[in-house]
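So you can see what is in the structure, the chains are spelled out below.
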Amino acid sequence: MELSQLFKSIIDQDRSAVVICDLQHTIIYMNPAAKAQYNKHGDLTGSSLLDCHNEKSNEMIKKVVAWFGESVEHNIIYTFHNEKQNKDVYMVALRSESGELIGYYEKHEYRNRETMNFYDFE
């Protein structure tokens, strides 16, 4: 099995929305949770992330990507807390094996206690 298939499977199994973009802000991948969350907008793959945000948000997205590019140590930044959904949102740098910035993704982390039972095989 290819390593890329394993990484794709990890992203696809995440129950939180993950939207992956290249450095031109083109959405190159949305996991199933992201597609479900943004389904009212249709399939956004191939479109610009900047078209989905207002001017102020776009300014911040560009600022974060520039910050990612300044240092290989700049890899994650907290961008938003949604009180209603009790989640935190982050932007995370994607890098090549050599450390070159190749893209970024948005990660949602929900803070609600898990309701699933431990090891529930049913």
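These numbers come from a predicted model, not from an experiment.

## Notes on the overall build of the chain
When you go through the chain residue by residue, the secondary structure sums to three helices and five strands. For the chain, the spread of C-alpha atoms along the three principal axes comes to 45 × 40 × 30 Å. Within the span of the chain, comprising 122 residues, buried residues form 31% of the whole. Sequence separation of at least 24 residues holds for 34% of the intrachain contacts in the chain that already meet a minimum separation of 6. Entry remark: accessible area of the chain is about 8,800 Å², with carbon and sulfur atoms responsible for 53%. Computing the positive centroid from 13 side-chain charges and the negative centroid from 19, the chain places the two 6 Å apart.

## Thoughts on a nonpolar patch on the surface
Taken together, M1, L3, L6, F7 and I10 make up a surface patch of nonpolar side chains, about 590 Å² in accessible area. With respect to the helices, strands and loops of the structure, L3 is situated in helix α1 (residues 3-13).

## Describing the pairing of strand β5 (residues 101-110)
Pairing geometry for strand β1 (residues 18-22) and β5, over five bridges, is antiparallel. Looking at the pairing, I20 lines up with Y105 of β5. Sheet analysis places strand β4 (residues 87-95) next to β5, joined by nine bridges and oriented antiparallel. Within the sheet, the bridge partner assigned to D88 lies in β5 and is E109. Connecting the antiparallel pair β4 and β5 is a turn made up of five residues, with G99 showing a positive phi of about 100°.

## Things to note about the state of the cysteines
Tallied over the full model, the rule gives zero disulfides. Unpaired in this structure, C21 has its nearest cysteine sulfur neighbour in C52, at a distance of 8.4 Å. We classify C52 as partly exposed; its relative accessible area is 38%.

## Some points on the packing of aromatic side chains
Following the criterion strictly, the structure yields two aromatic pairs and no others. Seen from their ring centres, Y78 and Y90 are 5.4 Å apart, and the 45° between their planes marks the pair as tilted. Residue Y78 is located in strand β3 (residues 76-82), and its partner Y90 is located in strand β4; the two are separated by twelve residues in the primary sequence. Residue class for Y78 comes out partly exposed when judged on its relative accessible area of 47%.

What counts, and at which threshold
- Chains are numbered independently. Their residues run from 1 in the order of the written sequence.
- Confidence filtering applies because this is a predicted model: local features only for residues at pLDDT of at least 70, side-chain atom pairs given and counted only at 80 or more, and all residues used for totals across whole chains, interfaces and linings.
- Hydrogens and water are ignored here; the side-chain numbers use all heavy atoms of the structure.
- Think of it this way: any DSSP run of H or I at least four residues long counts as a helix, any run of E at least two long counts as a strand, and we number them from the N terminus.
- Buried, partly exposed and exposed residues are distinguished by accessible area as a fraction of the type maximum, computed with a 1.4 Å probe on protein chains only: under 20%, between the cut-offs, and over 50%, respectively.
- What makes two residues a contact is simply this: any of their non-hydrogen atoms within 4.5 Å.
- For accessible areas, the Shrake-Rupley method is used with a probe of radius 1.4 Å. Any residue's cover is judged against the shown protein chains and nothing else.
- All tallies of charge rest on Lys and Arg as positive and Asp and Glu as negative; His and the ends of each chain are not included.
- To locate a charge, take atom NZ for lysine, CZ for arginine, CG for aspartate or CD for glutamate.
- Nonpolar side chains (Val, Leu, Ile, Met, Phe, Trp, Tyr) within 5 Å and like charges within 9 Å form the patches, drawn only from residues with over 30% relative accessible area and no salt bridge.
- We define a salt bridge as a contact between a side-chain nitrogen of Lys or Arg and a carboxyl oxygen of Asp or Glu at a distance within 4 Å.
- Two strands qualify as a pair provided that DSSP identifies no fewer than 2 bridges between them.
- The term disulfide is used for any two cysteine sulfur atoms that are within 2.5 Å.
- Any Phe, Tyr or Trp ring, taking Trp's six-membered ring, that has another such ring centre within 6.5 Å forms a pair; planes under 30 degrees apart are called stacked, those over 60 apart edge-to-face, and the others tilted.

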